[in-house]
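The residues making up each chain are set out below.
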Amino acid sequence: MEGLRMDFHAWRHVFKLDPNKRLEDEALSALIQSGTDAFLIGGTDGIDAENTFTLFNRLNGCGIPVALELSHPDQTIRGFDHYFIPTVLNAGTVDWVVGHQVRAFERHGHLFEARHVTGQGYIVLNGAAKVAEVTEARTELSLEQVVAYAETGHHLFRLPSLYLEYSGTFGSPDVVKEVRLAVPDAHLFYGGGIDGAEAAMKMAAHVDTIVVGNVIYENLDGALATVAALR
Ligand code: 1GP
């Protein structure tokens, strides 16, 4: 799939699907028809090649870009429209800053076409989230420190995208707004606790792309409302 819709810069709304969570066919159809710009496949717990491949097959040919967020080298599968490779800027261990990514390229680098691979500079901001635990992220940050991480990712490492990750909780619009102001040229993703139209609009006002995850599995109508809110 080529063209504008495949260019993540044009995405305003993304559903993040977790291969380790159960999703009925009917729910998946509703998400496909919702008007979302893309699907991002990713998660933290229990992700393997098999469940990733199963979900990929269910989405294959759906007419909407399907991207893989590559967080484990075992996960790589050919055929995705795009690959996002996260680096956790505020990780407590070097492996999540640069380590897992190296192993992914070592094993699968020959499969990647540069134009289909995008680095994502994660800033993990909910200390209670699984991703914070796994990456030992330093989440007790002042506003200035969050901004400094974003500036480091954008200006120093020149990452093509940044991802403010509040997974599981609705973040601070003030923090997100300050990051937006500090790096106006960065492509900003926001994810965390978007559970309906109001939350979607609040965060979409400050970032390029909002990512909606958990609510898909908890309240499908709420999830669908997040797309409608942006249209
Ligand atoms: C998780 O940022 C995404 O990686 C979305 O967060 O699951 O809280 O919607 P939620």
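By convention here, each chain's residues receive numbers from 1 onward along its written sequence. Selection of residues for local features in this predicted model requires a pLDDT of at least 70, selection of side-chain atom pairs for listing and counting requires 80 or more, and totals for whole chains, interfaces and linings are taken over all residues. The side-chain values count all of the structure's non-hydrogen atoms but skip hydrogen atoms and water molecules.

A helix here means a DSSP run of H or I that spans at least four residues, while a strand means a run of E at least two residues long, and both kinds are numbered starting from the N terminus. The secondary structure content of the protein chain amounts to 10 helices and eight strands. Here the radius of gyration uses the C-alpha set of atoms, whereas the globule reference equals 2.2 Å times the residue count to the power 0.38. A compact globule built from 231 residues would reach a C-alpha radius of gyration of about 17 Å, and the protein chain, at 16 Å, matches this within 12%. For the protein chain, the spread of C-alpha atoms along the three principal axes comes to 45 × 45 × 35 Å. Residue burial in the protein chain is summarised as follows: out of 231 residues, 52% are buried. Partly exposed residues are those whose accessible area sits between 20% and 50% of the maximum for their type, while under 20% is buried and over 50% is exposed, using a 1.4 Å probe and protein chains only.

All right, on to the site of the ligand then. Only heavy atoms are used to decide nearness, and a residue is near a molecule or strand if one of them lies within 4 Å of it. As a structural note, the neighbourhood of the ligand is formed by Lys 16, Tyr 163, Glu 165, Ser 167, Gly 168, Gly 191, Gly 192, Gly 193, Val 211, Gly 213 and Asn 214. Here a polar contact is taken to be a pair of N or O atoms separated by no more than 3.5 Å, where protein atoms must pair a possible hydrogen donor with a possible acceptor and residues adjacent in sequence count only if both atoms sit in side chains. Within the side chain of Tyr 163, one N or O atom sits 2.7 Å away from an oxygen atom of the ligand. Asn 214 has a polar backbone atom sitting 2.8 Å from an oxygen atom of the ligand. Protein chains shield 92% of the accessible area of the ligand, which is 300 Å² for the free molecule. Here the shell around the ligand is built from residues that sort into two nonpolar, seven polar and two charged. For every accessible area listed, the method is Shrake-Rupley and the probe measures 1.4 Å; residues are considered covered only by the protein chains on display. Note that Gly is not counted as nonpolar here; it falls among the polar residues with everything else outside the nonpolar set of Ala, Val, Leu, Ile, Met, Phe, Trp, Tyr, Cys and Pro and the charged set of Asp, Glu, Lys and Arg.

Our next topic: the sheet that holds strand β4 (residues 82–88). Reading around the barrel, the eight strands line up as β1-β2-β3-β4-β5-β6-β7-β8 and close back on themselves, with parallel pairing between neighbours. Neighbouring strand axes in the sheet, compared pairwise and without regard to direction, differ in orientation by 30° on average. Here the rule is simple: two strands pair whenever DSSP picks up at least two bridges between them. Strand direction decides the pairing type here: strand β6 (residues 161–165) and strand β7 (residues 188–191), joined by four bridges, are parallel. Along β7, the bridge assignment pairs Leu 162 with Leu 188. Comment: axis = line fitted to C-alpha atoms, over the contacting stretch for helices; angle = value between 0 and 180 degrees taken between N-to-C directions.

A positive phi angle, near 50°, is found at Glu 136, a position not held by glycine. Of note, Glu 136 is situated in the loop between α5 (130–135) and α6 (143–156). The class of Glu 136 is partly exposed, set by a relative accessible area of 49%. For Arg 158, which is not a glycine, the phi torsion comes out positive at approximately 50°. On the basis of relative accessible area, Arg 158 is assigned to the exposed category, the value being 66%.

When their charged atoms lie close together, side chains carrying opposite charge are able to pair. A pair is scored as a salt bridge if a Lys or Arg side-chain nitrogen falls within 4 Å of a carboxyl oxygen belonging to Asp or Glu. Scanning all chains against the criterion turns up 11 salt bridges. Of the charged contacts, one joins Arg 115 and Glu 113 as a salt bridge, the two residues approaching to 2.9 Å between their closest N and O atoms. When its relative accessible area of 52% is taken as the criterion, Arg 115 is described as exposed. Taking the relative accessible area as the measure of exposure, Glu 113 reaches 40% and is therefore partly exposed. Here Glu 198 makes a salt bridge to Lys 202, at a shortest N to O gap of 3.7 Å. Within this pair, Glu 198 and its partner Lys 202 are both found in helix α8 (residues 197–204), separated by four residues, close to a single helical turn.

All right, on to the packing of aromatic side chains then. Each pair of aromatic rings taken from Phe, Tyr and Trp, with Trp reduced to its six-membered ring, is defined by centres within 6.5 Å and is described as stacked if the planes are under 30 degrees apart, edge-to-face if over 60, and tilted in the remaining cases. Taken as a whole and assessed by the stated rule, the structure comprises 14 aromatic pairs. Ring plane angle 45° and centroid distance 4.6 Å describe the contact between Phe 56 and Phe 80, whose orientation is recorded as tilted. Taken together, the residues Phe 56 in helix α2 (residues 49–59) and Phe 80 in the loop between β3 (66–69) and β4 connect sequence positions 24 residues apart. Classification of Phe 56 as buried rests on a relative accessible area of 8%. With a centroid separation of 6.4 Å and 70° between ring planes, the pair formed by Phe 170 and Tyr 190 is classed as edge-to-face. Note that Phe 170 is positioned in the loop between β6 and α7 (173–182) and Tyr 190 in strand β7, a separation of 20 residues in sequence. Take Phe 170: its relative accessible area is 30%, and that puts it in the partly exposed class. According to the relative accessible area criterion, Tyr 190 is buried, its value standing at 0%. Here the aromatic cluster, defined as three or more aromatic residues joined through ring pairs, consists of Phe 8, Trp 11, Phe 84, Tyr 122, Tyr 163 and Phe 189.

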